[in-house]
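# Structural characterization, general
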Amino acid sequence: MFNKNHENTYDAIVAGGSVSGLLAAREMSSKGMKVIVLEEDHEIGTPEHCGGVVSQKGLETLGIIPRIKTIDNEIKRAIIRTRNRELEIDSSNQKVIVIDRRSFDKELAFQAQSSGAEINTSSAVLKNTFEGGVFKVKIKGGVDLYGKYFVDARGVGTLVNKGKRSILPSGQYEIYAPWINKDTIEVIFDADLYPGFFAWVIPTGEGKGKVGVAGRNINPNESINNFLNKRGKPYSIIRKIYAPIWIDGYVTPFSIGKNVVVGDAAGQTKPTTAGGIFTGGMGGIFAGRAIADSHGENYDEKYLGRYEDNWTSQFGKEFDRLRLMRSILERLDNKSLDKIFSDISQKTLEKISAAGDFDFHSIALKQFLDTKLTLNLIYTLMGNEYRKVVRDLSKI
Ligand SMILES: Cc1cc2nc3c(=O)[nH]c(=O)nc-3n(C[C@H](O)[C@H](O)[C@H](O)COP(=O)(O)OP(=O)(O)OC[C@H]3O[C@@H](n4cnc5c(N)ncnc54)[C@H](O)[C@@H]3O)c2cc1C
C-alpha cells in the first residue's frame, strides 16, 4: 500500500540530476510534492559534458539568474568557416554567455532542494518496474524506493535504442591556447572531417576554452587532435570528454501513464547544434508543472498531457525546421558549403546580426539558404524532396 510518509516512498522519483531532472524536481516540490532526485555520478555537475553556451534570455525563462562565478564568459561574435570561406556574425544583441555547468547544475540543485526536493548522488537507477499502481525503483547499492511518478532525465542513454543514425559521437577538450579569442565563438564546417556536424571553439576566457567536434562515423579523439595540430602549438590540453549527441529532435510520447521523460532523454536537443540546456530545461519545467497539476486525489491524465502540448507548441515547429536544415546540411559537400558561404551578402549578415535569436535560430539559418544560387544547389542535391523543402522553408 502506498504510504507517502514512509521514508522510502515519494510522490515522484527523478532519475538523473542534471538540468532537466533538477528543474522538474524544483517545479514538483515547489507545489508540495515529495520528490527525490537520484544521480549516478558522485557529484552534481560532474563530469561536465557540455559547451555551456546559452542565452541570458533562455536562463531567465528557466528561472535562473546565474551567479557571477557560474558565468565564464560573454560572446560577442561568431566566426563560421568552411574550407575556403569565412563569415562573421555580430552576436552581441543576442546576449549569449558561456556557463560553467559544474557550478550551474549545483545552482539548480540548490533551487530544487530549497523548494523541498531531496537529492542523492552515487545513486544509479538500475531498474524501474510498475507494480500495483506504484513505481518500484532499484538503486545500485541502495534500498528500493517507491513513487507514484517516475521522471526519466537520464540523458541520451535513454535514446540509445531509438535509432543509431540519430546519434553522433562527439568529443570536447578544455584547452589553453593563445589563439582563443575571449569574445569569439568559432564554428567550422567540413563535410569530410565532420560529416553532418561541425567543429567548434567556445572561449571561456582570453586564451582558454573548449574545442569540440562531432560527426558521423568520426573518431572524436583523432579528429580533435588533427584540429589542434592544424592550429599549431602552443596549446595545452586540460581535460577531455567524449559523449554521444542526439540529432533527430524530440521523441514523443513524452509520457506513458505516469512514466515521464524529459530533456535529452526525450530528444529535446536542437537537431542542428545538439544544444539542450534551454529546450531540455523547459521540458523539465513543463513536465514538473503538469505532474504537479495532475497529481493528487483527483488524478487526471489530461493535466499530464499538457506537458507535451506545452513543449511542442513552444518548440515543435522550430525543431521541425531545424530537422529540415539538418537534412540539407547532411548532403552538402565542401564545394557546396563554400558556394553557399560565398553567396551570402553583407546585408544578410547584418540582418542576422541585428535580429538573430539564439534560442530560435531557424530564421537566421533560412536567411543563409534563401539565395537563388543556394536554392538551385538544394534542388540539385535533393531532387524530389526539393519541393517539400522549399515549401517548408517558405513557411518559416
Ligand atoms: C560535447 C557537448 C557539448 C554541448 N554543448 C552545449 C551547449 O553549448 N549548449 C547547450 O545548450 N547544450 C549543449 N549540450 C547539450 C547539453 O549538455 C544537454 O542538452 C543538457 O545537459 C541536457 O540535460 P539533461 O538533464 O536532459 O541530461 P544530461 O545533462 O545528459 O544529464 C543526465 C543525467 O542523468 C544521469 N544518469 C544517467 N543514467 C543514470 C542512472 N541510471 N541513474 C541515475 N542517474 C543517471 C547522468 O549522470 C546525468 O547527470 C552539449 C552536449 C555535449 C555532449
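All of the points below concern the structure found in this document. Just so it is clear, the model here is predicted, and its values are computed rather than measured.

### Things to note about the pairing of strand β7 (residues 96-99)
- Alternating positions in β7 separate into two faces, Val-96 and Val-98 on one and Ile-97 and Ile-99 on the other, with burial throughout.
- Across 3 bridges, the pairing between strand β3 (residues 53-55) and β7 is antiparallel. Bridge pairing in β7 links Val-54 to Ile-97.
- One ladder, built from 4 bridges, connects strand β4 (residues 71-75) with β7; its direction is antiparallel. Bridge pairing in β7 links Asn-73 to Val-98.

### Notes on helix α3 (residues 101-114)
- For α3, spanning 14 residues, the distance from its first C-alpha to its last is 19 Å, which sits close to the expected 20 Å at 1.5 Å a residue.
- Residues of α3 that are buried include every one of Arg-101, Ser-103, Phe-104, Asp-105, Glu-107, Leu-108, Ala-109 and Ala-112, and no others.
- Tucked inside the fold, the buried residues of α3 contact α1 (19-30), α2 (56-61), β7, β8 (118-120) and α5 (277-294).
- For α3, the N-terminal capping position is held by Asp-100, with its side-chain oxygen 2.9 Å away from the main-chain nitrogen of Arg-102.
- In the segment just after α3, Gly-116 is the residue with positive phi, at about 120°.

### Here's the deal with the site of the ligand
- Taken together, 32 residues form the shell around the ligand, and within it Ser-18, Glu-39, Gly-51, Val-125 and Asp-264 come nearest.
- A distance of 2.9 Å separates an oxygen atom of the ligand from a polar side-chain atom of Ser-20.
- Take Val-53: an N or O atom from its main chain is 2.9 Å from a nitrogen atom of the ligand.
- Against a free-state accessible area of 1000 Å², the protein chains account for coverage of 89% of the ligand.
- Within the residue set of the shell around the ligand, elements represented by two or more residues are α1, β12 (167-176) and β16 (236-246).
- No fewer than three residues from each of domain 1 (9-52 + 100-161 + 249-317) and domain 2 (164-246) sit in the shell around the ligand.

### Brief notes about the sheet that holds strand β14 (residues 199-205)
- Spatially, β6-β5-β13-β14-β15-β12-β16 is the arrangement adopted by the 7 strands of the open sheet, whose pairing is mixed. Two strands lie at the open edges of the sheet, namely β6 (86-90) and β16, each paired on one side alone. Pairs of neighbouring strands in the sheet enclose a mean axial angle of 20°, with direction left out of account.
- Both strand β13 (residues 184-188) and β14 contribute to a ladder of 3 bridges, which runs antiparallel. Each bridged residue has a counterpart across the sheet, and for Glu-186 the counterpart in β14 is Val-201.

### Some details on the sheet that holds β4
- Pairing within the open sheet is antiparallel, and its 3 strands lie in the order β3-β7-β4. If you trace the sheet from one side to the other, it starts and ends with β3 and β4, each paired once. Each strand axis lies, on average, 35° off the axis of its neighbour in the sheet, ignoring direction.

### Some thoughts on the packing of α1 against α5
- Following both chains from N to C, one finds α1 and α5 inclined at 30°, their axes separated by 7 Å at the closest point. With respect to each other, α1 and α5 are oriented roughly parallel. Both α1 and α5 take part in a crossing whose hand is right-handed. Where α1 abuts α5, its residues Val-19, Ser-20, Leu-23, Ala-24, Arg-26, Glu-27 and Met-28 lie against Ile-277, Gly-280, Gly-281, Gly-284, Ile-285, Gly-288, Arg-289 and Ile-291.
- By residue class, the composition of the contact of α1 with α5 is 7 nonpolar, 5 polar and 3 charged.

Cut-off values and rules
Residues numbered from 1 in each chain as written. Predicted model: local features only at pLDDT ≥ 70, side-chain atom pairs only at ≥ 80, totals over all residues. Heavy atoms only, no water. Buried < 20%, exposed > 50% of the residue type's maximum accessible area, 1.4 Å probe, protein only. Helix = DSSP H or I, 4+ residues; strand = E, 2+ residues; numbered from the N terminus. Pairing = 2+ DSSP bridges. Expected span 1.5 Å × (residues − 1). Contact = heavy atoms within 4.5 Å. Polar contact = N/O pair within 3.5 Å; in protein donor to acceptor, adjacent residues only side chain to side chain. Near = heavy atom within 4 Å. Areas by Shrake-Rupley, 256 points an atom, 1.4 Å probe, with all protein chains shown as cover. Domains from an automatic or database assignment. Axes fitted to C-alpha atoms, helices over the stretch in contact; angles between N-to-C directions. Parallel < 35°, antiparallel > 145°, perpendicular 65-115°, else oblique. Left-handed = near helix turned anticlockwise from the far one by under 90°. Nonpolar A, V, L, I, M, F, W, Y, C, P; charged D, E, K, R; others polar.

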